[in-house]
Amino acid sequence: MSVELGRAGVWSVELRTAAPGEITDAAAELDELGFGALWIPGMGGGDIVGDLERLLAATRALTVAPAVSSIWRHPAKELAAGHARLTGAHGDRVLLGLGVSDPGTAAEHGHDYRPLRDMAVYLDELDAEPEPVAAERLILAAMGPKMVGLARRRAGGTHPFLVTPDYSATARELLGTGPLLAPYQAVTLERDPAKARAAGRGFLAGFFGAPAYRKSLLAQGFTEADLADGGSDRLVDGILARGDVDAIGKRVEEHLQAGADHVALHVLGGDGMPLPQWRALAGLAQSVG
């Protein structure tokens with residue numbers, strides 16, 4: 001593994017959408033708390049390079065990554081130039097996450113949707129830029145075996161979304177020993193099971209109807225019945241870590257023992273920056289694995 005992210009990082013919508021001053025202060029604290037990476041969503045477009053730059057300027061040591069940038073909304077020329085500028089100013093602290101989005105997004109940009117081909121073409125375009133992005137600084141949103149294989153050959157690893165530790169074990173077998181495996185993990189420190197599952201469904205249910213995620217969850221052993229009505233308890237418990245810090249730590253360790261190198265923790269629920277929860281979870285960056 002050529003990129004070292006530490007054992008755990010923070011995946012956060014708030015680190016992209018909150019007021020700039022709040023983002024800067026929170027990022028600086030997360031750096032001091034010892035998290036290895038900050039992950040911000042990138043599928044919606046916008047100035048992802050500028051948002052990454054804000055995080056880099058506020059921190060000293062950790063890596064920042066879009067999780068992930070849509071290849072339809074961010075042309076290769078734009079991301080290659082942005083990556084070169086950020087690296088020149090802040091060193092090798094940018095991991096460029098890439099994803100193929102969905103058929104609707106591809107159609108909006110005048111393309112048919114053939115995910116494997118589309119990603120391979122995009123990687124070719126990155127390679128052809130005057131300042132190409134090194135393969136080890138790329139991470140793909142890969143869940144199916146063919147996209148994982150492409151990541152193994154042409155990128156630094158994968159950042160899978162809505163997956164279980166069992167999936168991490170499968171992905172590690174497909175990737176082999178070198179590439180980075182950094183799964184997303186939704187978490188809540190709510191100890192009441194019903195309240196925790198409600199928080200999980202509030203965020204996750206919208207993804208269950210998306211074809212790519214639906215296919216991935218079925219491949220992981222869940223059923224159509226699990227995907228109905230906002231997700232069964234079995235499904236929500238499988239992809240949401242809930243309870244106290246020890247319970248969250250157990251799930252993180254399960255991913256690591258299965259072959260993950262790093263786990264990106266997304267705190268669900270609440271309003272604004274979940275600073276108390278991040279502070280409570282900070283010890284996991286050093287203690288698990």
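Use the structure listed above.
A short note on helix 13 (residues 245-258)
Owing to its 3.6 residues per turn, the α-helix brings residues three or four apart onto one side.
At step 1: Under the 1.5 Å per step criterion, the end-to-end length of helix 13 is 20 Å for 14 residues, consistent within 8% with the ideal 20 Å.
At step 2: All of the buried residues in helix 13 are Ile 248, Gly 249, Arg 251, Val 252, His 255, Leu 256 and Ala 258.
At step 3: Between the side-chain oxygen of the N-cap and the backbone nitrogen of Asp 246 there are 3.2 Å, and the N-cap of helix 13 in question is Asp 244.
At step 4: Looking at the residues trailing helix 13, positive phi occurs at Gly 259, about 125 degrees.

A look at the side chain of Gln 185
At step 1: Within the secondary structure, Gln 185 sits in strand 8 (residues 184-188).
At step 2: Classification of Gln 185 as buried rests on a relative accessible area of 0%.
At step 3: From its side chain, Gln 185 meets the backbone oxygen of Ile 239 in a polar contact 3.1 Å long.
At step 4: Setting aside residues up to four positions removed in sequence, Gln 185 forms contacts with Val 163, Ile 239, Leu 240, Ala 241, Arg 251, His 255, Val 263, Ala 264, Leu 265 and His 266.

So, the pairing of strand 2 (residues 37-42)
At step 1: For strand 2, the buried fraction is high: 5 of the 6 residues fall into the buried class.
At step 2: Both strand 1 (residues 8-11) and strand 2 contribute to a ladder of 2 bridges, which runs parallel. Across the sheet, residue Trp 11 finds its bridge partner in strand 2, namely Trp 39.
At step 3: Where strand 2 and strand 3 (residues 63-70) come together, 5 bridges link them in parallel fashion. Note that in strand 3 the partner of Trp 39 across the bridge is Ala 65.

Looking at the nonpolar core
At step 1: Counting residues in hydrophobic clusters, the biggest one holds 63 residues, and the most contacted among them are Leu 15, Leu 38, Leu 98, Met 119 and Leu 126.
At step 2: The leading source of residues in this core is helix 3 (residues 48-58), at 6 residues.
At step 3: When near neighbours in sequence (up to four residues on either side) are disregarded, Met 119 contacts Ile 71, Leu 98, Gly 99, Val 100, Leu 140, Met 147 and Leu 150.
At step 4: Within the second largest apolar cluster, 27 residues are counted, among which are Ala 65, Leu 217, Leu 227 and Leu 235.

Some details on the packing of aromatic side chains
At step 1: In this structure the tally under the stated criterion is 7 aromatic pairs.
At step 2: Members of the aromatic cluster, each reached through a chain of ring pairs, are Trp 11, Phe 161, Tyr 184, Phe 203, Phe 207 and Tyr 213.

Concerning the pattern of salt bridges
At step 1: Per the stated rule, a full pass over the model turns up 18 salt bridges.
At step 2: In this structure, the salt-bridge partner of Arg 234 is Asp 226, at a minimum N-O distance of 2.7 Å.
At step 3: By relative accessible area, Asp 226 is classed as buried at 7%.
At step 4: The structure contains a network of salt bridges with shared partners spanning Arg 197, Arg 201, Asp 233, Asp 237 and Arg 242.

Analysis parameters
Residues numbered from 1 in each chain as written. Predicted model: local features only at pLDDT ≥ 70, side-chain atom pairs only at ≥ 80, totals over all residues. Heavy atoms only, no water. Helix = DSSP H or I, 4+ residues; strand = E, 2+ residues; numbered from the N terminus. Expected span 1.5 Å × (residues − 1). Buried < 20%, exposed > 50% of the residue type's maximum accessible area, 1.4 Å probe, protein only. Polar contact = N/O pair within 3.5 Å; in protein donor to acceptor, adjacent residues only side chain to side chain. Contact = heavy atoms within 4.5 Å. Pairing = 2+ DSSP bridges. Core = buried A, V, L, I, M, F, W, Y, C linked by side-chain atoms within 4.5 Å. Phe/Tyr/Trp six-rings, centres within 6.5 Å; stacked < 30°, edge-to-face > 60°. Salt bridge = Lys/Arg side-chain N within 4 Å of Asp/Glu carboxyl O.

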